[in-house]
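# Structural description and commentary
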Amino acid sequence: MATALSEEELDNEDYYSLLNVRREATSEELKAAYRRLCMLYHPDKHRDPELKLQAERLFNLVHQAYEVLSDPQTRAIYDIYGKRGLEMEGWEVVERRRTPAEIREEFERLQREREERRLQQRTNPKGTISVGIDATDLFDRYEEEYEDVSGSGFPQIEINKMHISQSIEAPLTASDTAILSGSLSTQNGNGGGSINFALRRVASAKGWGELEFGAGDLQGPLFGLKLFRNLTPRCFVTTNCALQFSSRGIRPGLTTVLARNLDKNTVGYLQWRWGIQSAMNTSIVRDTKTSHFTVALQLGIPHSFALISYQHKFQDDDQTRVKGSLKAGFFGTVVEYGAERKISRHSVLGAAVSVGVPQGVSLKVKLNRASQTYFFPIHLTDQLLPSAVFYATVGPLVLYFALHRLVIRPYLRAQKEKELEKQRESTATNILQKKQEAEAAVQLMQESVRRIIEAEESRMGLIIVNAWYGKFVNDKSKKSEKVKVIDVTVPLQCLVKDSKLILTEASKAGLPGFYDPCVGEEKNLKVLYQFRGVLHQVMALDSETLRIPKQSHRIDTDG
């Protein structure tokens with residue numbers, strides 16, 4: 001009857017939004033929405049050749065959406081995995097009487113088969129670079145008689161240690177993974193390195209095992225075995241056995257951890273370590289959406305200590321976290337406080353100040369970039385100097401806010417604009433097509449809208465005076481930004497039925513007669529309407545459910 005729809009068209013349509021029905025819509029609601037749109041777009045109702053062609057395209061699109069959502073099996077696949085799930089090979093052999101849970105299981109099986117063919121191409125690289133800086137000369141200067149020494153006019157800041165480690169994971173099968181890792185370290189002119197190879201096998205959902213082989217220039221060969229096992233749904237155990245060969249002989253080691261979920265947010269741990277540094281440790285960790293709390297006690301040789309730490313998680317876009325801890329033991333007492341914040345999509349910057357006896361004062365700066373970690377511990381002084389604590393606390397804050405305002409924020413703004421421009425370019429052809437379809441749909445709606453307005457006027461019902469959809473600029477600080485909206489008065493009036501308009505919780509860009517005028521940007525729907533002769537106005541978010549008329553939308557004209 002009409003031209004077939006391309007894959008790109010089908011992949012860019014939200015079927016629920018197109019039919020303007022809830023995701024929980026019943027078959028009767030789907031049928032009513034389908035019939036209404038069919039009456040609007042049926043090609044036989046239009047004589048103009050151009051309008052007839054556009055009607056055929058929109059009619060086929062509506063028919064495609066109804067076919068998917070009216071069939072329980074294809075609807076279950078679409079709800080879980082979208083249109084791409086419908087394109088996966090293998091569904092033709094699935095029994096049609098399966099439940100959504102069975103369909104999910106079948107999809108996962110088909111997906112596993114496809115993933116296994118791509119395992120060889122995937123790795124999971126992780127790395128750490130740590131650079132230790134000795135800045136004690138900033139606060140622990142020589143006495144006056146040494147100031148005549150050449151080069152002593154400026155504080156001496158030097159790098160006294162460095163550590164680099166890298167690892168990659170190579171999945172061999174769905175249950176076997178090979179891990180290769182290596183590290184290099186140097187401190188005060190002495191250094192060394194090591195390389196390790198591990199093979200991990202997941203035996204079942206309850207446990208896995210790992211064999212490890214390693215060698216280095218400072219220590220001899222290493223053989224290790226790690227085992228993990230879920231004992232009950234709330235309890236698991238981890239065991240790590242190791243044999244370290246050196247010139248002094250064989251050094252065995254054993255670490256066992258028993259853990260139990262005390263509630264959905266709290267886990268208790270018991271750890272026993274036997275070997276070079278034997279110890280027993282017990283800890284309780286509580287992790288919620290807004291906080292992370294840890295309390296621990298260790299008895300061991302040579303270190304015994306008690307630890308308490310707390311981290312508060314702010315619910316903001318930057319995922320800001322503030323933390324503090326107190327650790328006391330035979331080695332002394334250490335107080336640490338700091339914060340971390342997301343500075344870009346893949347980067348998190350953090351800093352912490354460590355004050356202890358006899359350790360002194362240190363500043364620790366850490367940057368996580370994707371799977372790479374960069375760590376810079378800066379030792380400021382061996383003494384407890386208030387000036388060192390002050391500069392270690394205030395200095396990073398001042399530097400961060402200066403960098404954030406002068407460098408990070410402009411960079412992120414430029415990156416966002418670049419991504420939006422790239423997104424606009426990649427979707428330009430599709431958006432142009434959607435715009436043409438929306439304009440054609442508006443033309444096809446004219447006759448229906450005229451009848452709806454006549455019926456609503458006769459009973460002083462709901463009349464859409466004006467409606468706009470897109471990006472509105474209301475903030476005075478954003479005057480330079482351009483308003484990008486389209487007129488959707490006719491499409492909204494066409495959706496009015498019995499003096500009511502209901503838009504479901506989905507992007508309005510998929511509604512008949514709509515398109516996205518500002519890809520990748522925040523959008524709103526602004527409606528000025530008349531009900532019972534009184535003007536009303538409402539502004540709704542793009543994916544917000546909208547029901548009109550409402551008393552709260554009424555425009556107060558008393559002033």
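Residues numbered from 1 in each chain as written. Predicted model: local features only at pLDDT ≥ 70, side-chain atom pairs only at ≥ 80, totals over all residues. Heavy atoms only, no water.

The protein chain is annotated in an unreviewed UniProt entry as DnaJ homolog subfamily C member 11 of Balaenoptera acutorostrata. The Sequence similarities (unreviewed entry) field of the UniProt record for the protein chain holds the comment "Belongs to the DNAJC11 family." Per UniProt, the protein chain carries the Function (unreviewed entry) text "Required for mitochondrial inner membrane organization. Seems to function through its association with the MICOS complex and the mitochondrial outer membrane sorting assembly machinery (SAM) complex." (UniProt positions renumbered as here; feature names shortened; annotations may be inferred.)

## Remarks on the overall build of the protein chain
Helix and strand counts for the protein chain come out as eight helices and 23 strands. A buried classification covers 35% of the 559 residues belonging to the protein chain. Restricting the contact set of the protein chain to residue pairs at least 6 apart, pairs at least 24 apart contribute 44%. Surface accessibility of the protein chain: about 34300 Å² in total, with carbon and sulfur atoms responsible for 56%. (Helix = DSSP H or I, 4+ residues; strand = E, 2+ residues; numbered from the N terminus. Buried < 20%, exposed > 50% of the residue type's maximum accessible area, 1.4 Å probe, protein only. Contact = heavy atoms within 4.5 Å. Areas by Shrake-Rupley, 256 points an atom, 1.4 Å probe, with all protein chains shown as cover.)

## Section: the nonpolar core
Among the nonpolar cores identified, the biggest contains 28 residues, and Leu19, Val21, Leu30, Tyr41, Val62, Leu69 and Met445 are the most heavily contacted of them. A total of nine residues in this core trace back to one element, the largest contributor, which is helix H4 (residues 49–70). Taken domain by domain, the makeup of this core includes at least three residues from each of domain 1 (19–122) and domain 3 (430–558). With residues near it in sequence (within four places) discarded, Tyr41 still touches Ala55, Leu58, Phe59, Val62, Ala441, Leu444, Met445 and Pro512. Within the second largest apolar cluster, 26 residues are counted, among which are Ile464, Val519, Phe531 and Val538. (Core = buried A, V, L, I, M, F, W, Y, C linked by side-chain atoms within 4.5 Å. Domains from an automatic or database assignment.)

## Some points on the layout of surface pockets
Sizing a probe to match a water molecule and rolling it over the atoms shows the empty space that remains. A volume near 1000 Å³ is recorded for the second largest pocket. Lining the second largest pocket are 33 residues, and of these Ala32, Ala33, Arg36, Leu495 and Lys497 sit closest to its centre. When contributions to the lining of the second largest pocket are tallied by element, the ones reaching two or more residues are helix H2 (15–19), helix H3 (27–41), helix H7 (386–458), helix H8 (489–494) and strand S20 (501–503). Here the lining of the second largest pocket is built from residues that sort into 18 nonpolar, three polar and twelve charged. Counting the residues that make up the lining of the second largest pocket, at least three belong to each of domain 1 (19–122) and domain 3 (430–558). (1 Å grid on protein atoms, 1.4 Å probe; cavity = no way out; pocket = protein on both sides within 12 Å on 5 of 7 lines; lining within 4 Å. Points joined across faces, edges and corners; volume = space filled by probe spheres on them. Nonpolar A, V, L, I, M, F, W, Y, C, P; charged D, E, K, R; others polar.)

## Description of the pattern of salt bridges
Counted by the stated rule, this structure contains 17 salt bridges. Between Glu454 and Arg450 there is a salt bridge, with the nearest N and O atoms lying 2.8 Å from each other. Of the two residues, Glu454 and Arg450 are both situated in helix H7; the distance of four residues between them amounts to about one turn of the helix. For Lys471, the salt bridge is made with Glu521, and the minimal N-O distance between the two is 2.7 Å. Taken together, the residues span a long stretch of sequence, with Lys471 in strand S18 (residues 462–471) and Glu521 in the loop between S20 and strand S21 (524–531) at a distance of 50 residues. Across this residue pair, the class does not change: Lys471 and Glu521 are buried. By sharing partners, the salt bridges in this structure join Glu447, Arg450, Arg451 and Glu454 into a single network. (Salt bridge = Lys/Arg side-chain N within 4 Å of Asp/Glu carboxyl O.)

## A short note on the pairing of strand S8 (residues 249–261)
When strand S7 (residues 235–246) meets S8, the two strands line up antiparallel, connected through twelve bridges. Paired with Cys241 across the strands is Leu254, a residue of S8. What sits between the antiparallel neighbours S7 and S8 is a turn of two residues. Taken together, the eight bridges between S8 and strand S9 (residues 266–274) define a ladder with antiparallel strand orientation. By the bridge assignment, Thr256 is partnered in S9 with Trp272. Hairpin connection from S8 to S9: four residues lie between these consecutive antiparallel strands. (Pairing = 2+ DSSP bridges.)

## Some words on the side chain of His536
Mapped onto the fold, His536 is located in strand S22 (residues 534–541). At 2.9 Å, the side chain of His536 forms a polar contact with the backbone oxygen of Val534. For His536, the residues in contact, after removing those within four places along its chain, are Val527, Leu528, Tyr529, Phe531, Lys550, His553, Arg554 and Ile555. (Polar contact = N/O pair within 3.5 Å; in protein donor to acceptor, adjacent residues only side chain to side chain.)

## What to know about H3
The end-to-end C-alpha distance of H3 is 21 Å, a good match for the 21 Å that 15 residues give at a rise of 1.5 Å each. Burial in H3 covers these residues: Leu30, Ala33, Tyr34, Leu37, Cys38, Leu40 and Tyr41. Take H3 and look down its axis: the buried residues cluster within an arc of 155°, on one side only. Exposed positions of H3 whose direction lies more than 90 degrees from the buried face are Glu28, Arg35 and Met39. (Expected span 1.5 Å × (residues − 1). Arc of directions from axis to C-beta.)

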